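# Analysis of the macromolecular model
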Amino acid sequence: MILFTGHMIDAEDRQEPRFPAEKEGAAKQELRNRLDQAIRGRAGELKGIAGGACGGDILFHELCIERGITTEMYLALPAEEFKKASVSFAGKDWDERFDKLKEKLPFYILPEQKKDRSRNVWERANLWMLDKALSEGGRNMTLLALWDGKGGDGDGGTEHMVQIAKEQGARIEIIDINKL
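Everything in this summary refers to the structure shown in the same document. Just so it is clear, the model here is predicted, and its values are computed rather than measured.

### A word on the side chain of Thr-5
- Structurally, Thr-5 can be placed in strand S1 (residues 2–6).
- Among all residues touching Thr-5, those that are not within four sequence positions of it are Leu-143, Leu-144, Ala-145, Leu-146, Thr-158 and Met-161.

### Description of the layout of surface pockets
- The space that makes up the largest pocket amounts to roughly 520 Å³.
- Every residue lining the largest pocket is counted, 27 residues in all, and those nearest its centre are Met-8, Trp-122, Gly-156, Gly-157 and Thr-158.
- For the lining of the largest pocket, the elements supplying multiple residues, two or more each, are S1, helix H3 (79–86), helix H5 (121–137) and helix H6 (158–167).
- With 4 residues, the top contributor of residues to the lining of the largest pocket is H5.
- As a volume, the second largest pocket reaches approximately 190 Å³.
- In terms of lining, the second largest pocket is formed by Ile-9, Asp-10, Ala-11, Glu-12, Arg-14, Pro-17, Pro-20, Ala-21, Phe-89, Ala-90 and Trp-94.

### Side note on the pattern of salt bridges
- Enumeration over the complete set of coordinates arrives at 15 salt bridges.
- Among the ionic pairs, Glu-16 bridges to Lys-150, the shortest N-O distance being 3.2 Å. Taken together, the residues Glu-16 in the loop between S1 and helix H1 (24–40) and Lys-150 in the loop between strand S5 (142–147) and H6 connect sequence positions 134 residues apart.
- The partly exposed category is assigned to Glu-16, whose relative accessible area is 48%.
- The class of Lys-150 is partly exposed, set by a relative accessible area of 40%.
- The residue Glu-30 makes a salt bridge to Arg-34 at a minimum N-O spacing of 2.8 Å. Here Glu-30 and its partner Arg-34 are both found in helix H1, 4 residues apart, which amounts to about one turn of the helix.
- A residue is classified by how much of its surface remains accessible, and Glu-30, at 22% relative accessible area, is partly exposed.
- A single salt-bridge network, built from bridges that share partners, covers Glu-24, Glu-62, Asp-93 and Arg-97.

### Some words on the sheet that holds strand S4 (residues 107–109)
- Reading across from one edge, S4-S3-S2-S1-S5-S6 is the order of the 6 strands in this open sheet, with parallel pairing throughout. In the strand order of this sheet, the two ends are held by S4 and strand S6 (171–176), each with one partner. Pairwise comparison of adjacent strand axes, ignoring direction, gives a mean angle of 20 degrees for this sheet.
- In this sheet, strand S2 (residues 47–50) lies alongside S1 in parallel orientation, the contact comprising 2 bridges. Each residue of the ladder has a partner; that of Ile-2, found in S2, is Gly-48.
- Against the sheet, H1 makes contact with S1, S5 and S6, and its axis sits at roughly 155 degrees relative to S6, the strand it touches most.

Quick notes on the rules
Residues numbered from 1 in each chain as written. Predicted model: local features only at pLDDT ≥ 70, side-chain atom pairs only at ≥ 80, totals over all residues. Heavy atoms only, no water. Helix = DSSP H or I, 4+ residues; strand = E, 2+ residues; numbered from the N terminus. Contact = heavy atoms within 4.5 Å. 1 Å grid on protein atoms, 1.4 Å probe; cavity = no way out; pocket = protein on both sides within 12 Å on 5 of 7 lines; lining within 4 Å. Points joined across faces, edges and corners; volume = space filled by probe spheres on them. Salt bridge = Lys/Arg side-chain N within 4 Å of Asp/Glu carboxyl O. Buried < 20%, exposed > 50% of the residue type's maximum accessible area, 1.4 Å probe, protein only. Pairing = 2+ DSSP bridges. Axes fitted to C-alpha atoms, helices over the stretch in contact; angles between N-to-C directions.

Here is the structure:
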């Protein structure tokens, strides 16, 4: 089981670059390499779980499909709301890629009972995906993170997922976006 977390492609007006569009190709190649390593290192079926945001999530799902890895998309909000919040700002191409994945993949919306009001929706979604990955993968679950190693723009981002996975003792592999 591979649980993926990673940065979204930067908005054009982003002040401090985190995942600039020009790094998409390098990120895709490194993700491809990591998935190929995971395939070679596992006996049995490999499965992926990730959100659906532009950038890392969409790249992860596309590469899983390319590699024949079963993958599922987990959304913190209903699909159209999620798309407005986490995809559309990056342009038509990302909207189309999201829509294509939504047609191909099983996708799940954060259930009502997971909507604990003490955390924001992004934190709750991270906890939900981590719980799902650990329950299905157990000790064979790896968190793969495309991350710059810094704090996010708000609660519930990549840093949060890495932190909660560490607390659960998960195996974590980080692709340092700064080195791409």
